[in-house]
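As a plain string of letters, each chain reads:
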Amino acid sequence: MNRRSIPEYDMNEAGADHLRQRGILVMQFMDSLRNDPRRLNPHSHEFFQICLIQGRATVMLDFQEYRTRDAAAFFVSPGQVHFVRPAEGLQGYTISFTQAFFDDEAPPPSRLLELPYFFPDDAQPFLHIPREDASETTTLFRSLCQEYDAALPDAEEMLRATLRLTLLRLARLYIRASPERKATRGMTIVRQFHWELEKHFREETSINAYARLLGITANHLNDVVHEANRPLRPVN
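Analysis parameters
Residues numbered from 1 in each chain as written. Predicted model: local features only at pLDDT ≥ 70, side-chain atom pairs only at ≥ 80, totals over all residues. Heavy atoms only, no water. Helix = DSSP H or I, 4+ residues; strand = E, 2+ residues; numbered from the N terminus. Buried < 20%, exposed > 50% of the residue type's maximum accessible area, 1.4 Å probe, protein only. Contact = heavy atoms within 4.5 Å. Areas by Shrake-Rupley, 256 points an atom, 1.4 Å probe, with all protein chains shown as cover. Pairing = 2+ DSSP bridges. Axes fitted to C-alpha atoms, helices over the stretch in contact; angles between N-to-C directions. 1 Å grid on protein atoms, 1.4 Å probe; cavity = no way out; pocket = protein on both sides within 12 Å on 5 of 7 lines; lining within 4 Å. Points joined across faces, edges and corners; volume = space filled by probe spheres on them. Parallel < 35°, antiparallel > 145°, perpendicular 65-115°, else oblique. Left-handed = near helix turned anticlockwise from the far one by under 90°. Nonpolar A, V, L, I, M, F, W, Y, C, P; charged D, E, K, R; others polar.

Side note on the overall build of the protein chain
- In terms of regular secondary structure, the protein chain is built from 8 helices and 8 strands.
- Per-residue burial for the protein chain yields a buried fraction of 50% across its 236 residues.
- Partitioning the intrachain contacts of the protein chain with sequence separation of at least 6 by distance along the chain shows that 74% fall at a separation of at least 24.
- On the protein chain, roughly 12,300 Å² of surface is accessible, and the fraction owed to carbon and sulfur atoms is 48%.

Following this line, the structure appears as structure tokens:
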């Protein structure tokens, strides 16, 4: 499959327009598929997405398949090819958001790059949620969905705060499952490189161009990418 031929979609058109225009969308997972069935096939998008699903499904992320039976979360970075094939009875939530929404007025680099599951290089952008953690995790996603649906005057700030709490909670679970994945300066540079690559791969092809975008030398970029590609124990 030619990656350049894979369609790229915008956020679903659901909920309050003003919140979606600010860069945040929260939906019941199956509602998002019913709203736009094209998403049952391989696609990508320019925003971040985290999904909590409960039940049986097949999830494809960058042409790697994962199968779920109970609670699981998966993390979609901008440009990442993905789709979900749900079995009957699947439930869950999907949260779509832009870097601008998450960062708000925070200076660069984005703290999103410190999270272990976005632009994960050789790690898995997928997490089985332990049974003892499923209830608390579900409560956070449900709170986001209820806040989004209510669309009260202070919803944007409430959503941003709860989103950050949810991402940090998931990062703790992810690192507990794979302690080797704690962020380092080198890993952050690699994630920045992948992020720039997704944005500019159609017009920029040289390592020198990306090194300039990151403000480092091409040799240093080569070194940190090589270091990040060393084999690590996969997430269970």
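Having put the structure on the table, let's press on.
Here's the deal with the sheet that holds strand 3 (residues 57-61)
- Ordered by their spatial adjacency, 3 strands build an open sheet running 4-3-6, and the pairing between neighbours is antiparallel. One side of each edge strand has no neighbouring strand; the edge strands of this open sheet are strand 4 (64-68) and strand 6 (82-86). In this sheet, neighbouring strand axes are inclined to one another by 15 degrees on average, regardless of whether the strands run parallel or antiparallel.
- Pairing of strand 3 with strand 6, which is carried by 5 bridges, proceeds in the antiparallel orientation. Bridging from a neighbouring strand, methionine 60 pairs with phenylalanine 83 of strand 6.

Some remarks on unusual backbone geometry
- At aspartate 62, a residue that is not glycine, the phi angle is positive and equals roughly 50 degrees.
- Within the chain, phenylalanine 63 stands out as a residue other than glycine whose phi angle is a positive 70 degrees.
- Among the secondary structure elements, phenylalanine 63 is positioned in the loop between strand 3 and strand 4.
- With a relative accessible area of 47%, phenylalanine 63 lands in the partly exposed category.

Considerations on empty space enclosed by the protein
- What the rule picks out here adds up to 1 cavity of 30 Å³ or more.
- For the largest cavity, the calculated volume is near 160 Å³.
- Lining of the largest cavity is provided by 18 residues; of these, Ser32, Leu33, Arg39, His43 and Gln49 occupy positions nearest its centre.
- Those elements that place two or more of their residues in the lining of the largest cavity are helix 2 (29-35), strand 2 (48-54), strand 6 and strand 7 (91-97).

Digging into the packing of helix 4 (residues 131-150) against helix 5 (residues 155-177)
- One way to put it is that helix 4 packs onto helix 5 with a least axis distance of 9 Å and a crossing angle of 160 degrees. As far as their axial angle goes, helix 5 and helix 4 are roughly antiparallel. The chirality of how helix 4 crosses helix 5 is left-handed. Listed contacts from helix 5 to Glu132, Asp133, Glu136, Thr137, Leu140, Phe141, Leu144, Glu147 and Tyr148 of helix 4 are Ala155, Met158, Leu159, Thr162, Leu163, Leu165, Thr166, Arg169, Leu170, Leu173 and Arg176.
- Classifying every residue of the contact of helix 4 with helix 5 gives 11 nonpolar, 3 polar and 6 charged.

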